[in-house]
Amino acid sequence: MNFPFRPRPLACVIAFSLLALLPPAAFGAETTLEAPGADAALAERLRGASASVAASGETNVQELLAAALSDYRTLVQVLYDGGHFSPVVNIRLDGREAAGIQPLNPPRTVSKVEITVQPGPRFAFGKAEMAPLPRQSDVKFPEEYASGQPASTGAIRDAAAAGVRAWRRSGHAKATVSDQTITANHLQARLDAQLRLAPGPRLRFGRMRVTGDTNVREEAIRRIAGFPAGDRFHPDLLAKSATRLRRTGSFSSVVLREAEQPNPDGTLDYTAVVEDLPPRRLTFGAEISSTDGLELSGSWMHRNLFGAAEKLRIEARLSGIGSSNDIDGRIAVRLDRPAALGPDDLIFYLAEAEQLDEEHYKATRVFGAAGVRRTFSDDFFAEAALGVSSILAEDVFGKRRFKYVAGRLRAEYDKRDSRVNPASGYYLQGGATPFIGIGGSKSGLQMKADGRAYYGLGADDRIVLAGRLQMGSVIGPSLSGISPTLLFFSGGAGTVRGHEFQSLGVPANGGTAGGRGFLALSGEVRGKITGKISLVGFYDIGFVDADSFVSGSSARHAGAGFGLRYDVAGIGPIRLDLAYPVDGGSEDGLQFYIGIGQAF
């Protein structure tokens, strides 16, 4: 590497101090950057990193000179990262090399900044060594750090980080890089790198202290974290404790800091630094469709009700506003107590009341339950609850009351890259509701499943293929012996767009009832027009059957259409869908749906 001038550190300090006294230039400077011999990608990285290019048009001489001086180091680092270890960088201000300009005698004006970068040859690794390494490790070492591979500082950094990570995952919490020897052979364009690791002793977790601005009791924080005191150190165990604290939703920040030095007994202490979120949160949502009318929803939540990160959530919903049906309403209260049975288990209490006026039935329902939830990972949880429900319903079979002792089993596995606007991955949810009739009601089992998959195509996933499968089945009594709230209908924004909400059922007793079997399929093609605007084409089809499983003779309907999405950072896309019934005999014509978030 060739620099016309390299100022001493003290001179740099004096130079930058004196730059503040320089008068501003009269005209903005034009900046150009040429990199002969560099490929387009490298040239673009150089331009993007250059402070002088960013300051193009600047009129202040001290700003231009400071940017030029900082660019020497910045551009060389970009070249090193790209594997070019013998570069020549020249930065000239009106023809004068920036590194040679005396701070006490700067130019009065600068009209042109010319940067010329000669990358030199691309180096390859000669030696690429690292020692010592643990005998067994699940860490994958970068393939780029090997003899004969293109050399770069990035590959060296990645290899060093992988080596330290391998030792830490073997119980050596204080592993570090103790020495490195890097030699460049300019004649052979070869780079020899030797890394020396210092694993340190194998350690166990010690004590955890708690600090920070929080109203959550310290003993509750310890119980929720489930800190593995006494266990052999492993970074996954540490990350799990931090995740458990974040999962409560009570904290805006959770940091577990390890002590500088281990204890004489081979343990390593940690300090949990936590900061609270605002204790209360209020949310609001709205969705409108041409047949279902306006739906309003809202929730109020307290994140730390009794001082142990208990979460109280109250939800309310009104739907059917402006539709031909009466207004539906629902209110639900849920209290979660984290770590009540263990660090990954919480106990919850649930109460719901709901008034429904649907296309083919009316019902008033109350439900109360207590349950437990186990979180297996960031992607997977399951919960079970047991409660009682009372339902007063009126449908094609008349007015009846149902009383159940009901269980709720639910599991969810979420591997989507985004919850509000996914472009890849999949989502699976399954549930079972066994119900035991009391007071003359009959017993049975309801099962539901919901699967979604996403696949992105092109650069930045400009096209996304999305699909959804919904299934349901009720096993047990005949249609007349089951509450209509447990039966299945199809139609509306959540199943088949283009048809009225819950418009499809099965013929029964001279009218229409819900079915015991249900299947719905939806497919979408989502294409980005700009960074925020997308167009969507979709097709939905639904089946409902009087038996527990659908068949070729099941009642069916389908809808298709297109939609527009406008992405709003933080909340996801605003959605407009226009759908038309293509099968099922609907005479309602074009339907529209407006909401927040993707349809699925």
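## Looking at the overall build of the protein chain
For the protein chain, the count of helices and strands is seven helices and 28 strands. Since a compact globule built from 600 residues should have a radius of gyration of about 25 Å, the 33 Å found for the protein chain marks it as more spread out than a globular shape. Along the longest, intermediate and shortest principal axes, the C-alpha atoms of the protein chain span 95 × 65 × 50 Å. Going through the 600 residues of the protein chain one by one, you find that 44% of them count as buried. Contacts in the protein chain between residues at least 24 apart in sequence constitute 59% of all its contacts with a sequence separation of at least 6. When the accessible surface of the protein chain is summed, it comes to about 29,500 Å², and 55% of that surface belongs to carbon and sulfur atoms.

## Some details on the pattern of salt bridges
For the coordinates displayed, the defined rule picks out 41 salt bridges. Two residues, Arg-190 and Asp-192, come together in a salt bridge whose shortest N-O distance is 3.5 Å. Taking the shortest distance from any N to any O, the salt bridge between Glu-354 and Arg-365 comes out at 3.1 Å. Taken together, the residues span a long stretch of sequence, with Glu-354 in strand E15 (residues 345–357) and Arg-365 in strand E16 (residues 362–375) at a distance of eleven residues.

## Describing the nonpolar core
Ranked by internal contacts, the top residues of the largest apolar core, which has 27 residues, are Ile-391, Tyr-404 and Phe-435. When residues of this core are traced back to their parent elements, those giving at least two are E15, E16, strand E17 (380–395), strand E18 (398–414) and strand E24 (517–528). Among the elements that line this core, the one with the most residues is E15, at four residues.

## Some points on helix H6 (residues 218–225)
Looking at H6, one finds that the buried residues are Ala-220, Ile-221, Ile-224 and Ala-225. Around the axis of H6, the buried residues are gathered within 130° of arc, so they sit on the same side. The inward-facing, buried residues of H6 abut strand E8 (204–211), helix H7 (235–247), strand E9 (251–258), strand E10 (267–276) and strand E14 (328–342).

## Re the sheet that holds strand E1 (residues 30–34)
Reading across the sheet, the four strands line up as E1-E4-E2-E3 and stay open at both edges, with mixed pairing between neighbours. Two strands lie at the open edges of the sheet, namely E1 and strand E3 (96–97), each paired on one side alone. Across six bridges, the pairing between strand E2 (residues 88–93) and strand E4 (residues 112–118) is antiparallel. The residue bridging Leu-93 from the neighbouring strand is Val-113, located in E4. Packed onto the sheet, helix H4 (residues 61–81) meets E2, E3 and E4 and runs at close to 165° relative to E2.

## Focus: empty space enclosed by the protein
For the structure shown, the criterion picks out one cavity of 30 Å³ or more. Taken together, Arg-468, Ala-493, Gly-494, Thr-495, Arg-497, Ser-522, Asp-540, Ala-599 and Phe-600 form the lining of the largest cavity. Along the lines of polarity and charge, the residues of the lining of the largest cavity split into three nonpolar, three polar and three charged.

## A word on the environment of Gly-266
Looking at the element boundaries, Gly-266 is found in the loop between E9 and E10. For Gly-266 and Ser-250, which are 16 residues apart along the polypeptide, the C-alpha to C-alpha distance reads 33 Å. Residue contacts for Gly-266: discarding those within four places in its chain leaves Arg-202, Leu-203 and Arg-204.

## Re the confidence of the model for the protein chain
Residue-level pLDDT values for the protein chain average 91, and 94% of them are 70 or greater. When the criterion is pLDDT under 50, residues 1–26 qualifies, and its contacts beyond four places in sequence or with other chains add up to 43 contacts.

## A closer look at the packing of helix H2 (residues 40–49) against H4
With their axes 10 Å apart at the nearest point, H2 and H4 run at an angle of 150° to one another. The angle between H2 and H4 falls in the class roughly antiparallel. Remark: the crossing between H2 and H4 carries right-handed chirality. Only Asp-71, Thr-74, Leu-75, Val-78 and Leu-79 of H4 make contact with H2, whose side of the interface consists of Leu-42, Arg-45, Leu-46 and Ala-49. Here the contact of H2 with H4 is built from residues that sort into six nonpolar, one polar and two charged.

## Some points on the side chain of Glu-310
One can find Glu-310 in the loop between strand E12 (293–302) and strand E13 (311–321). In this structure, Glu-310 is buried with no salt-bridge partner, the nearest side chain bearing the opposite charge being Arg-217 at 4.7 Å. Those residues in contact with Glu-310, other than ones at most four positions away along the chain, are His-302, Arg-303, Asn-304, Leu-305, Leu-335, Asp-336, Arg-337 and Pro-338.

## What about the pairing of E4?
Side chains of E4 alternate between two faces, with Val-113, Ile-115 and Val-117 buried and Lys-112, Glu-114, Thr-116 and Gln-118 left unburied. Where E1 meets E4, five bridges bridge the pair, whose relative direction is parallel. Bridged to Thr-31 within E4 is Val-113.

## Examining the sheet that holds E8
Ordered in space as E8-E10-E9, the three strands form an open sheet in which the pairing is mixed. Either end of the sheet is taken by a strand with one partner, and the two such strands are E8 and E9. Pairs of neighbouring strands in the sheet enclose a mean axial angle of 20°, with direction left out of account. As judged from the six bridges shared by E8 and E10, these two strands associate in the parallel manner. Across the sheet, residue Arg-204 finds its bridge partner in E10, namely Thr-267. Most of the contacts of H6 go to E8, to which it runs at about 140°, and overall it touches E8, E9 and E10.

Criteria and thresholds
Residues numbered from 1 in each chain as written. Predicted model: local features only at pLDDT ≥ 70, side-chain atom pairs only at ≥ 80, totals over all residues. Heavy atoms only, no water. Helix = DSSP H or I, 4+ residues; strand = E, 2+ residues; numbered from the N terminus. Rg over C-alpha atoms; globule rule 2.2 N^0.38 Å. Buried < 20%, exposed > 50% of the residue type's maximum accessible area, 1.4 Å probe, protein only. Contact = heavy atoms within 4.5 Å. Areas by Shrake-Rupley, 256 points an atom, 1.4 Å probe, with all protein chains shown as cover. Salt bridge = Lys/Arg side-chain N within 4 Å of Asp/Glu carboxyl O. Core = buried A, V, L, I, M, F, W, Y, C linked by side-chain atoms within 4.5 Å. Arc of directions from axis to C-beta. Pairing = 2+ DSSP bridges. Axes fitted to C-alpha atoms, helices over the stretch in contact; angles between N-to-C directions. 1 Å grid on protein atoms, 1.4 Å probe; cavity = no way out; pocket = protein on both sides within 12 Å on 5 of 7 lines; lining within 4 Å. Points joined across faces, edges and corners; volume = space filled by probe spheres on them. Nonpolar A, V, L, I, M, F, W, Y, C, P; charged D, E, K, R; others polar. pLDDT = per-residue confidence, 0-100. Parallel < 35°, antiparallel > 145°, perpendicular 65-115°, else oblique. Left-handed = near helix turned anticlockwise from the far one by under 90°. Lys, Arg positive; Asp, Glu negative; His and termini not counted.

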